[in-house]
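# Summary of structural features
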Amino acid sequence: MSGSGEGWLSDGLDDAAGMGSGLWVRGVDYMAGWRVAREAADQLNFALLLAEFEPSELRAVASTNDDGRGVVRLVGLPGAAVRLAGLLEGLADGGGGAP
């Protein structure tokens, strides 16, 4: 799922220093953390596709926090988040997920 061909997946580089702070600290390897987060985001996006979520409604985005550690953010529409919550609650209850 990685590669330059996926226009729907934001690389997260526009927020590489954290929650929009825009500050970069000299000596912090933000790219290493972002690469780890990108791999995790790709795995999560694949799972979301298997669960029939459209990338336009729910997707994982790679980023880093202020100290350069990878962060994966889940972004999407409220209805899709509610649907995902239902699936997770169903799994936690042993029901295999909500319909």
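All residue numbers here refer to positions counted from 1 along the written sequence of the relevant chain. For a predicted model such as this one, the threshold for reporting local features is a pLDDT of at least 70, and the threshold for listing and counting side-chain atom pairs is 80 or more; totals across whole chains, interfaces and linings nevertheless cover every residue. Hydrogens and waters are ignored; side-chain quantities use all the structure's heavy atoms.

Two aromatic rings, taken as a pair, are described by how far apart their centres are and by the angle between their planes. Two aromatic rings from Phe, Tyr or Trp, using only the six-membered ring of Trp, form a pair when their centres are within 6.5 Å; if the ring planes differ by under 30 degrees the pair is stacked, by over 60 it is edge-to-face, and anything between is tilted. As enumerated under the stated definition, the model contains zero aromatic pairs in all. Positioned above the aromatic ring of Phe53 is the side chain of Arg83, whose terminal nitrogen or guanidinium carbon lies 3.9 Å from the ring centre. A ring is considered to have a charge above it if a Lys NZ or an Arg CZ atom is located within 6 Å of its centre and within 35 degrees of its normal.

Bringing helix 1 (residues 30–50) into the picture now. Residue pairs spaced three or four apart in an α-helix point in one direction, given the helix's 3.6 residues per turn. The terminal C-alpha atoms of helix 1, which comprises 21 residues, lie 30 Å apart, in line with the 30 Å expected from a rise of 1.5 Å per residue. Along helix 1, the residues classified as buried are Tyr30, Gly33, Trp34, Ala37, Arg38, Ala41, Asp42, Asn45 and Leu48. Throughout, a contact is declared for two residues whenever any of their heavy atoms are within 4.5 Å. Secondary structure is summarised from DSSP: a helix means a run of H or I of at least four residues, a strand means a run of E of at least two, and numbering begins at the N terminus for each. Turning to helix 1, the residues buried within the fold contact strand 1 (58–64), strand 2 (70–76) and helix 2 (78–92). Positive phi appears at Glu52, one or two residues downstream of helix 1, with a value of about 70°. Multiplying 1.5 Å by the helix residue count minus one yields the expected span of that helix. For the exposure calls, accessible area comes from a 1.4 Å probe over protein chains only, and a residue counts as buried if that area is under 20% of its type's maximum, exposed if over 50%, partly exposed in between.

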